[in-house]
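Descriptive structure summary
Single-letter residue listing:
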Amino acid sequence: MKFSIVSGLNELNSSEKQILDKYSQLCEFLSPLSFKGIELAILKPENIPVKEIKGISDSYGMEIPALGTGSTFLRFRYSFGDLDSNIREKAIDRIKKYIEFSTISNSKVIIGLIRGRFTYKNNPETEKRNIIDSLKKCCRLAEDSNVELIFEPINRFEIDSYNTIKDTLEMIEEIGSENLKLMVDSFHTHLEEDPITIWDYLDSIAKKVSHLHLSDDTRRAPGTGHFNFRRFLNIFEKNNYKGFASVETIMKPSFEDVAKQTITYMKSINIL
Ligand code: LER
Ligand code: MN
């Protein structure tokens, strides 16, 4: 299994040099721990010198498997489902920036929280239709640029639509774009899926999964809670999964501790 970990680059408050220095330091720390990638959770990809970042990545033999886009909703409040078509267009425009970055960084673009939350003013049908319309527009952009969008089922406490893997897969199949795929996050799997049937179900759909997020049921490093990572990751290994498993947790006690704890734990369960 190839492991990566999520990090930001503080691109809103840093010079290009500071961004590049931060990225180099991340590679310097993560590469000896046997991480093979850094998933970037960024808000303004256009602030980041992507060619230079890619160069640094290559020099360490690291990849940037995916870009997280959720802060577009959390910080800007732009979303795919919004009632206001201007806001929806702004969300799509932001995805365009991530796609442009990805053509150079060779990353997948995550569609998670950017679908937005349902509001009291709206009804779920309208918002869901908006989400699908916006997503289809993003699929066209992704197809034109040969970039993959990966849609993340997210638990019901954080988002109102596509909470389960099954709902998400049905929607992806209905849209039918080669550039729209499924990703699975262990934390949301734990909260949303049937604890008895999930293992067989995961085995049956594992070949459709393009990216993984890992966090324990504590939302902290794998091994700090009760999620069965050995069983979870073995399903993907058995299905010849070639993507990344990206550590996405609360970074406590610290980013460095989470990175080290994850690797120690993965070795202890014979996944690394
Ligand atoms: C994003 O990848 C995710 O998993 C959500 O829970 C937002 O934090
Ligand atoms: Mn996630």
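Look above for the structure.
Residues numbered from 1 in each chain as written. Chains lettered and ligands numbered in written order. Predicted model: local features only at pLDDT ≥ 70, side-chain atom pairs only at ≥ 80, totals over all residues. Heavy atoms only, no water.

Here we come to helix H10 (residues 255-268). Taking 1.5 Å of rise per residue, the 14 residues of H10 would be expected to cover 20 Å, and the 20 Å separating its terminal C-alpha atoms lies within 8% of that figure. Every buried residue of H10 is listed here: Phe255, Val258, Ala259, Thr262, Ile263, Tyr265 and Met266. For H10, the angular spread of buried residues about the axis comes to 165°, placing them on one side. Of the residues flanking the end of H10, it is Asn270, one or two places downstream, whose phi is positive at about 60°. (Helix = DSSP H or I, 4+ residues; strand = E, 2+ residues; numbered from the N terminus. Expected span 1.5 Å × (residues − 1). Buried < 20%, exposed > 50% of the residue type's maximum accessible area, 1.4 Å probe, protein only. Arc of directions from axis to C-beta.)

Around ligand 1 sit Leu113, Glu152, Ile154, Glu158, Asp185, His188, His213, Arg219 and Glu248, and that is every residue in its neighbourhood. In the environment of ligand 1, an oxygen atom lies 3.3 Å from a nitrogen or oxygen atom belonging to the side chain of His213. Between an oxygen atom of ligand 1 and a side-chain N or O atom of Arg219, the distance comes to 2.8 Å. Isolated, ligand 1 exposes 250 Å² of accessible area, and the fraction of that covered by the protein chains is 81%. When each cavity is represented as a set of grid points, ligand 1 is found to reside in the largest pocket. Residues belonging to the shell around ligand 1 are distributed by class as follows: two nonpolar, two polar and five charged. (Near = heavy atom within 4 Å. Polar contact = N/O pair within 3.5 Å; in protein donor to acceptor, adjacent residues only side chain to side chain. Areas by Shrake-Rupley, 256 points an atom, 1.4 Å probe, with all protein chains shown as cover. 1 Å grid on protein atoms, 1.4 Å probe; cavity = no way out; pocket = protein on both sides within 12 Å on 5 of 7 lines; lining within 4 Å. Sits in = over half its atoms within 2 Å of the grid points. Nonpolar A, V, L, I, M, F, W, Y, C, P; charged D, E, K, R; others polar.)

Moving on, we get to unusual backbone geometry. Residue Pro253 follows Lys252 across a cis peptide bond; omega there is 5°. With respect to the secondary-structure elements, Pro253 resides in the loop between strand S8 (244-247) and H10. One non-glycine residue, Asn106, adopts positive backbone phi at about 60°. Counting through the fold element by element, Asn106 comes out in the loop between helix H4 (85-105) and strand S4 (108-111). At Asn240, a position not held by glycine, the phi torsion is positive, near 65°. Here Asn240 lies in the loop between helix H9 (229-238) and S8. For Asn240, a relative accessible area of 52% corresponds to the exposed category.

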